[in-house]
Amino acid sequence: MWFDNHVHMEHGPYTPLEYPVSWLEQFLDVGRSRGVTGLGIVEHAYRFTEAAGLLPGEWARQRCRYPLAGYTAFLDAIRGSYPMAAGLEMDFVPANEEGIRAFLGRYSWDFVLGSIHFLDDFGLDVSEMQGHYFQRTPEEIWTQYYDYSMRAAASGLFQAITHPDLPKIYGFEKPPEEFLIPLYQRFVEVLADTGVALEINTAGLRRPVKEIYPHPTLLSLAAQSHVAVSFASDAHEPENVGLYFVEAQQLAHEAGFREISFFGPQGTGHITIS
Ligand SMILES: [Zn+2]
Ligand SMILES: [Zn+2]
């Protein structure tokens, strides 16, 4: 059995104030067919008007259109009735840490995922911004990315850091491993010190890079430091729930993990893998 700790329902046939349970049930049905018995539901914080001042750049601010209350009313309606945990995927912007803390305090989340989608106004996974990858060196991009990731982990705001090597998404040039390994190592040390989990996110297999996040080298370092890991499909459509979890299990096992954590409605749980 699995717990898919990162699914989005935002592409569903709903308006934000009318999230239909039938859309949720499609996610649950596909999940069950792949051995997923619980879902961690998240939406991007950048959908919500209350988050507009916390995000960098026009791209994100233009998407903050819906009241948070619509989403939390949906979560309140399904909590306790479905095998799901109520969460949020929050962009971490170091300069806005206190505002983010206040925003997260608006609701009693079961878990919050910390994400670095933006380096200032550069959206790492925004397809129309791919040109930014060629305006700076790979070393500059990846150094800033892990600097922000470490600060996200150290903030104490998050249960896990999502898709933890996102700048590889398009398969563009990366820094060499001898440059990346010290960055990975420092990041892993912060995770180990703070007890924040690393997310194994299979969505990378659906993106141009065709790799699970994170790279096996980072995952091995995390295993050696006894960092917890959680599983995530990052599904935005029902058909992707639990997709490639067999591959994720194999990757985690090869890295040295024997246990996968999840953030459920009753707190953190663990699944043994072999
Ligand atoms: Zn994300
Ligand atoms: Zn996501």
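Computed from a prediction, not measured in an experiment: that's the story for all the values here.

Enquirer: So what exactly am I meant to see when it comes to the coordination of the zinc ion (ligand 1) here?
Expert: Expected angles at a metal are 109.5 degrees for tetrahedral coordination by four donors and either 90 or 180 degrees for octahedral coordination by six donors. Here the zinc ion (ligand 1) is held by the protein donor atoms E89 (OE), H117 (NE2) and H163 (NE2), which lie 2.1 to 2.2 Å from it. Here the donor residues of the zinc ion (ligand 1) are spaced in sequence according to E-x27-H-x45-H. Between the two metal centres, the zinc ion (ligand 1) and the zinc ion (ligand 2), the spacing is 3.4 Å, with E89 acting as a shared donor. With E89 in strand β3 (residues 84–91) and H163 in the loop between β7 (160–161) and α6 (177–194), this residue pair connects regions lying 74 residues apart in the sequence.

Enquirer: Is there a simple way to think about the layout of surface pockets in this case?
Expert: The probe, sized like a water molecule, is rolled over the atoms to show the empty space still left. Within this model, the largest pocket holds a volume of roughly 500 Å³. Around the largest pocket, the lining comprises 24 residues; the ones closest to its centre are H44, Y46, D125, R207 and H236.

Enquirer: Looking at this structure, how should I read the packing of helix α7 (residues 216–224) against helix α8 (residues 245–255)?
Expert: Two numbers describe a pair of packed helices, the interaxial angle and the distance between the axes. It is the contact of α7 with α8, at a shortest axis distance of 8 Å, that shows an interaxial angle of 55°. For the element pair α7 / α8, the angle class is oblique. Judged by the twist between their axes, the crossing of α7 over α8 is right-handed. Taking contact as the criterion, the partners of P216, L219, S220 and A223 in α7 are, on α8, L251, A252 and A255. Of the residues that constitute the contact of α7 with α8, the class distribution is 6 nonpolar, 1 polar and no charged.

Enquirer: I keep staring at the coordination of the zinc ion (ligand 2) and nothing clicks. Help me out?
Expert: Only H6 (NE2), H8 (NE2), E89 (OE) and D234 (OD) from the protein reach the zinc ion (ligand 2) as donors, at distances of 2.1 to 2.3 Å. Donor residues binding the zinc ion (ligand 2) come from one chain and are separated in sequence as H-x1-H-x80-E-x144-D.

Enquirer: Help me understand the pairing of strand β4 (residues 111–115) in this model?
Expert: Here is the key point about a regular strand: its side chains alternate between the two faces of the sheet. Along β4, 5 of the 5 residues are buried, which leaves the element largely enclosed by surrounding structure. Residues of β4 alternate between two faces, with F111, L113 and S115 on one and V112 and G114 on the opposite face, all of them buried. Bridge count for β3 against β4 is 5 bridges, and the pairing is parallel. Directly across from G87, in β4, lies its bridge partner F111. As defined by bridge partners, β4 adjoins β7 across 2 bridges and the pair is classed as parallel. Residue pairing across strands places L113 opposite A160, the latter belonging to β7.

Enquirer: How should the side chain of T72 be read in this particular structure?
Expert: With respect to the secondary-structure elements, T72 resides in helix α3 (residues 68–78). According to the relative accessible area criterion, T72 is buried, its value standing at 11%. Beyond its immediate chain neighbours, meaning those up to four positions away, T72 contacts Y107 and W109.

Enquirer: I'm lost on the packing of helix α5 (residues 138–154) against α6 in this one. Help?
Expert: At a closest axis distance of 9 Å, the pairing of α5 and α6 adopts a crossing angle of 5°. As far as their axial angle goes, α6 and α5 are roughly parallel. Two secondary-structure elements touch here, α5 through E139, W142, T143, Y146, S149, M150, A153 and A154 and α6 through F179, L180, L183, Y184, R186, F187, V190, L191 and T194. Residue composition of the contact of α5 with α6, grouped by class: 12 nonpolar, 3 polar and 2 charged.

About the thresholds
- Throughout, residues of each chain are indexed from 1 in the direction in which the sequence is written.
- Note on labels: chains are lettered from A, ligands numbered from 1, in written order.
- Where totals are concerned, whole chains, interfaces and linings use all residues; where local detail is concerned, this predicted model gives features only for residues with pLDDT of at least 70, and gives and counts side-chain atom pairs only at 80 or more.
- Computation of side-chain values: all heavy atoms of the structure, hydrogens and water removed.
- Metal donors: N, O and S atoms at distances within 2.8 Å, or within 3.2 Å for Na, K and Ca, with water omitted from the atom set so that some sites may seem incomplete.
- Put simply, DSSP marks the helices as runs of H or I at least four residues long and the strands as runs of E at least two long, and each gets a number from the N terminus on.
- Buriedness for pockets is judged along seven lines, at least five of which must meet protein on both sides within 12 Å for an open set on the 1 Å grid over protein atoms alone, while cavities are sets there where a 1.4 Å probe fits but cannot get out, and lining residues have an atom within 4 Å of a point.
- Grid points are joined across faces, edges and corners, and a volume is the space filled by probe spheres set on the points.
- Geometry is summarised by axes, namely lines fitted to C-alpha atoms with helices restricted to the contacting stretch, and by angles between N-to-C directions that run from 0 to 180 degrees.
- Here the angle decides the label: under 35 degrees means roughly parallel, over 145 means roughly antiparallel, 65 to 115 means roughly perpendicular, and every other value means oblique.
- Left-handed describes a crossing whose near helix is turned anticlockwise from the far helix by less than a right angle; the clockwise case is right-handed.
- The criterion used for residue contact is that any of the two residues' heavy atoms lie within 4.5 Å.
- Note that Gly is not counted as nonpolar here; it falls among the polar residues with everything else outside the nonpolar set of Ala, Val, Leu, Ile, Met, Phe, Trp, Tyr, Cys and Pro and the charged set of Asp, Glu, Lys and Arg.
- Exposed residues in this analysis have more than 50% of their type's maximum accessible area, buried residues have under 20%, and partly exposed residues fall in between, with area computed by a 1.4 Å probe over protein chains only.
- Two strands pair under a simple rule: DSSP has to find at least two bridges between them.

Bear in mind that shape data such as this cannot, by itself, settle questions of function.
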